[in-house]
Amino acid sequence: MFHDLNALHAGLGGRRIVDLFAGDPDRAAGFSVRAGEMLLDYSKTQVDAEVRTALVALCDRAGLAARRDAMFSGAPINETEGRAVLHTALRNLDGGPVRVDGADVMPEVRATLDRMREFAGAVRSGRIAGAGGGFTDVVNIGIGGSDLGPAMAVLALAPYHDGPRCHFVSNVDGAHVADTLRGLDPARTLVIVASKTFTTIETMTNARTARDWMVAGGGDPARQFAAVSTAEDRTAEFGIPSGHVFGFADWVGGRYSMWGPIGLSLMLAVGPEDFDAFLRGGQEMDLHFKTAPWAQNMPVMLALVGIWHHQVCGYPSRAVLPYDQRLARLPAYFQQLEMESNGKSVAMDGTLLAQAAGPIVWGEPGTNGQHAFYQLIHQGKQVVPCEFMLAARGHEPELAHHHRLLVANCLAQSEALMRGRPLEAARRIVSDKGFEGAELERQARHRVFEGNRPSTTLVYPKLTPGVLGAIIALYEHRVFVEGVIMGINSFDQWGVELGKELATSLGPIVDGSEGAEGKDGSTAALVDFVHRNAGG
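Residues numbered from 1 in each chain as written. Predicted model: local features only at pLDDT ≥ 70, side-chain atom pairs only at ≥ 80, totals over all residues. Heavy atoms only, no water.

Going by an unreviewed UniProt entry, the protein chain carries the name Glucose-6-phosphate isomerase and comes from Ruegeria sp. PrR005. Per UniProt, the comment on the protein chain under Function (unreviewed entry) is "Catalyzes the reversible isomerization of glucose-6-phosphate to fructose-6-phosphate." Check the Subcellular location (unreviewed entry) section of the UniProt entry for the protein chain; it says "Cytoplasm". (UniProt positions renumbered as here; feature names shortened; annotations may be inferred.)

In structure tokens:
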């Protein structure tokens, strides 16, 4: 599949990225893409015009346009589960009908969004209140896609909060729910239980604990619980009134679900208008993805640069590095989006892949990472392509000097990764410090930066609800494009099933009601250790 690209990569020899700029003064303009308010600069990579042409050819070879159009039209492109993939319909504020099995899904999408707006408005105004009065806090209980998206977005849009404080519980570890509920008023806290089937064991265990806490503290679960679920029989059995239940269709995957009812906590925090702006940002990226030529298409070029680095250059991971403290949870969100979607070893037709489909995705916000793992990025033997994100301005004009320092650090890191520091320059530095002879040589080598390390930079004017929506949609489509080119299904996640099944079977063994016969020696020994030490 990548024969031409592999040959181009092999022919690069010792070419350095910095030399590409020397040969083309307009390289930055020629190797960047604009979409709406955002600019993606991929000029600090080894991609040149010939490489880009070969990368773009992958799109047509893989039938990307047809696959993209099939997704937006409601075709069941999630073939292993026989489902459409229509998270884009949740943000289709201005578009026309979207049909699944011949039926237009948009009336129901709009009706659900209207119900969310009405509920959020009533909670925020106090028309819907707890046993002790208007809600001061919201606790969203979910896991995976029912937690990571809204938890990330609520933090990201903190400057727009004018509703109740939002908290998130996901881990079945009792410490998470205990620490989150501590200090909250059980009579003025709204709990949202987010589970499509209302059977997710971690979520339901935490939900029952929160209900017990609420009752013990004088709250009223019948008034103070809401659910994001399609299992209305189970939500009713739990005691949640139907007016507090918001469902979504099976054509919305968990990690793509924040655009709909899973985003209820975000709407409660920022209000319906800013939530609509968030949706509109995603919709604008959808339109760009559907209409822009491949070489000017931001999701496509981000994906193709990723393919170049992972499948062609062989770099096993990529770092997502937002220079924005409020995007602290974005790397974890993209980690799930990419690794749960494209962490596959089998092609759509069931054959084994010849190489890894998805990279390891990780990261932290700058400047914190500079004092942690950037040492390895700059001087480690492995190459880690970096994806920087940066706002031109922050939300605190009185702290503009902070933001200028942040910008300088971000741009300096990408420049340093590209330029590096050769041995001769390092020798001059240590010579000026008074070192001589063999010690000068030893000290100099510790100060060498190989450089020639690739990065992209996504720049936007300010982190607004619309910009956040555009960023998330950008990366959703990037993952889709990579999956299409690799020939995999990015929308199932069978890899999470086996561990869940085994956890269920281990439950009775851990609680002592069954023995560990039939388990491997390691698992049996570990259970025995837990039993011997659980009493303390």
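Having seen the model, we can carry on.
Can you help me understand the sheet that holds strand β12 (residues 386–391) in this one?
Adjacent strands of a sheet form backbone hydrogen bonds with each other and so pair up, either parallel or antiparallel. In space, the 6 strands of this open sheet follow the order β1-β2-β13-β12-β10-β11, with mixed pairing throughout. Two strands bound the open sheet, and with one partner strand each, they are β1 (32–35) and β11 (360–362). Looking at each pair of strands side by side, their axes are set apart by 15° on average, direction ignored. The pairing of strand β2 (residues 38–41) with strand β13 (residues 455–460) spans 3 bridges and is classified as antiparallel. Residue pairing in the sheet places Leu40 in a bridge with Leu458 of β13. The strands that helix α17 (residues 400–419) touches are β10 (317–323), β12 and β13; relative to β12, the one it contacts most, it runs at about 155°. (Pairing = 2+ DSSP bridges. Helix = DSSP H or I, 4+ residues; strand = E, 2+ residues; numbered from the N terminus. Axes fitted to C-alpha atoms, helices over the stretch in contact; angles between N-to-C directions. Contact = heavy atoms within 4.5 Å.)

Sorry if this is basic, but what is going on with the layout of surface pockets here?
In this approach a probe as big as a water molecule rolls over the atoms, and the regions it shows empty are the leftover space. Estimates place the volume of the largest pocket at around 1200 Å³. What lines the largest pocket is a set of 42 residues, and nearest its centre among them are Thr200, Gln493, Val496, Glu497 and Lys500. Listed by contribution, the elements that provide at least two residues to the lining of the largest pocket are α9 (201–216), α15 (330–342) and α21 (497–510). Of all the elements, α21 adds the most residues to the lining of the largest pocket, at 5 residues. Looking at the lining of the largest pocket residue by residue, the classes come out as 15 nonpolar, 17 polar and 10 charged. Roughly 540 Å³ of internal volume is contained in the second largest pocket. The element that contributes the greatest number of residues to the lining of the second largest pocket is α17, accounting for 7 residues. Looking at the lining of the second largest pocket residue by residue, the classes come out as 9 nonpolar, 9 polar and 6 charged. (1 Å grid on protein atoms, 1.4 Å probe; cavity = no way out; pocket = protein on both sides within 12 Å on 5 of 7 lines; lining within 4 Å. Points joined across faces, edges and corners; volume = space filled by probe spheres on them. Nonpolar A, V, L, I, M, F, W, Y, C, P; charged D, E, K, R; others polar.)

How do you make sense of the packing of helix α1 (residues 3–10) against helix α4 (residues 49–61) when you look at a structure like this?
Helix-helix packing is characterised by the crossing angle of the two axes and by the distance between the axes. Put simply, α1 and α4 touch, their axes get as near as 10 Å, and they point 165° apart. In terms of axis orientation, α1 runs roughly antiparallel to α4. α4 is crossed by α1, and the crossing has left-handed handedness. Residue-level contacts link Asp4, Leu5 and Leu8 of α1 to Glu50, Val51, Ala54, Leu55, Leu58 and Arg61 of α4. Partitioned by chemical class, the residues of the contact of α1 with α4 number 6 nonpolar, no polar and 3 charged. (Parallel < 35°, antiparallel > 145°, perpendicular 65-115°, else oblique. Left-handed = near helix turned anticlockwise from the far one by under 90°.)

I keep staring at the side chain of Asn342 and nothing clicks. Help me out?
Within the secondary structure, Asn342 sits in helix α15. A polar contact of 3.1 Å, which involves the side chain of Asn342, links it to the backbone oxygen of Val479. If near-sequence neighbours (up to four positions away) are discounted, Asn342 is found in contact with Ala357, Gly358, Val479, Glu482, Gly483, Ile488 and Ser490. (Polar contact = N/O pair within 3.5 Å; in protein donor to acceptor, adjacent residues only side chain to side chain.)

Could you clarify how one ought to interpret helix α18 (residues 423–432) in this entry?
Note: α-helices contain 3.6 residues per turn, so residues at a spacing of three or four share the same orientation. Listing the buried residues of α18 in full gives Ala425, Ala426 and Val430. Looking straight down α18, one finds that the buried residues subtend no more than 130° of arc, so they occupy a single side. When the buried face of α18 is taken as reference, the exposed residues oriented beyond 90 degrees from it are Arg428 and Asp432. Residues of α18 that are buried in the fold lie against α19 (437–446). Residue Gly434 follows α18 closely and has a positive phi angle near 100°. (Buried < 20%, exposed > 50% of the residue type's maximum accessible area, 1.4 Å probe, protein only. Arc of directions from axis to C-beta.)

Help me understand the pairing of β10, please; the structure alone is not making it clear to me.
Side chains on a regular strand alternate between the two faces of the sheet. Burial within β10 is extensive, with 7 of its 7 residues counted as buried. Side chains of β10 alternate between two faces, with Ser317, Ala319, Leu321 and Tyr323 and Arg318, Val320 and Pro322 buried alike. As paired strands, β10 and β11 are joined by 3 bridges and run parallel to one another. Bridging from a neighbouring strand, Ala319 pairs with Trp362 of β11. A crossover connection joins β10 to the parallel β11 through α15; in handedness this β-α-β unit is right-handed. Of the pairings in the sheet, the one linking β10 to β12 comprises 5 bridges and is parallel in character. (Right-handed = clockwise from strand over helix to strand, strands pointing away.)

In this structure, what is going on with the sheet that holds strand β5 (residues 137–141)? I would like to understand it.
The strand order β6-β5-β7-β8-β9 describes an open sheet built from 5 strands, whose pairing is parallel. Every interior strand has two partners, whereas the edge strands, β6 (165–169) and β9 (245–246), have only one. One ladder, built from 2 bridges, connects strand β8 (residues 225–228) with β9; its direction is parallel. Looking at β9, one finds that Val228 is bridged to Phe246. Strands in contact with helix α8 (residues 174–181) are β5 and β6; relative to β6, the strand with the most contacts, it is inclined by about 165°.

Explanation requested: the packing of α1 against helix α14 (residues 298–312) in the structure shown.
Between α1 and α14, the shortest axis-to-axis distance is 11 Å and the interhelical angle comes to 75°. The orientation of α1 relative to α14 falls into the category roughly perpendicular. Contacts between α1 and α14 involve Leu5, Asn6 and His9 from the first element and Trp308, Gln311 and Val312 from the second.

What should I look at first to understand the UniProt feature "active site" (unreviewed entry) in the protein chain in this one?
Per the UniProt annotation, the sites labelled "active site" (unreviewed entry) are Glu340, His371 and Lys500. Annotated residues spanning 161 residues; largest pairwise C-alpha distance 36.8 Å, indicating distribution over more than one region. As for the annotated residues named above, the ones lining the largest pocket are Glu340 and Lys500. Structurally, Glu340 is set in helix α15. By relative accessible area, which is 22% here, Glu340 ends up partly exposed. Sequence-distant contacts of Glu340, that is, excluding residues within four places in its chain, are made with Arg255, Gln335, Asp492, Gln493 and Val496.

Just checking my understanding: could you explain the domain arrangement of the protein chain for this structure?
As a measure of interface size, the accessible area lost when the parts come together is often cited. Domains assigned within the protein chain are domain 1 (2–73 + 278–419 + 454–492), domain 2 (95–270) and domain 3 (497–534). Centre-to-centre, using C-alpha coordinates, domain 1 lies 42 Å away from domain 3. (Domains from an automatic or database assignment.)

Whenever I open this one, the packing of aromatic side chains confuses me. Can you help?
The geometry of an aromatic ring pair is captured by two quantities: the separation of the ring centres and the angle between the planes. A full pass over the atoms with the stated rule returns 15 aromatic pairs. Judged by centre distance (4.8 Å) and plane angle (70°), the ring pair of Trp362 and Phe373 falls under edge-to-face. Note that Trp362 is positioned in strand β11 and Phe373 in the loop between β11 and α16 (374–379), a separation of 11 residues in sequence. Of the residues examined, Trp362 reaches a relative accessible area of 23% and is grouped as partly exposed. Clustering of aromatic rings is evident, with ring pairs tying together Phe72, Tyr256, Phe289, Phe480 and Phe491. Just above the ring of Phe21 sits the side chain of Arg27; from NZ or CZ to the centre is 5.6 Å. A cation sits over an aromatic face here: Arg68 above Phe289, 5.9 Å from the ring centre. (Phe/Tyr/Trp six-rings, centres within 6.5 Å; stacked < 30°, edge-to-face > 60°. Lys NZ or Arg CZ within 6 Å of the ring centre and 35° of its normal.)

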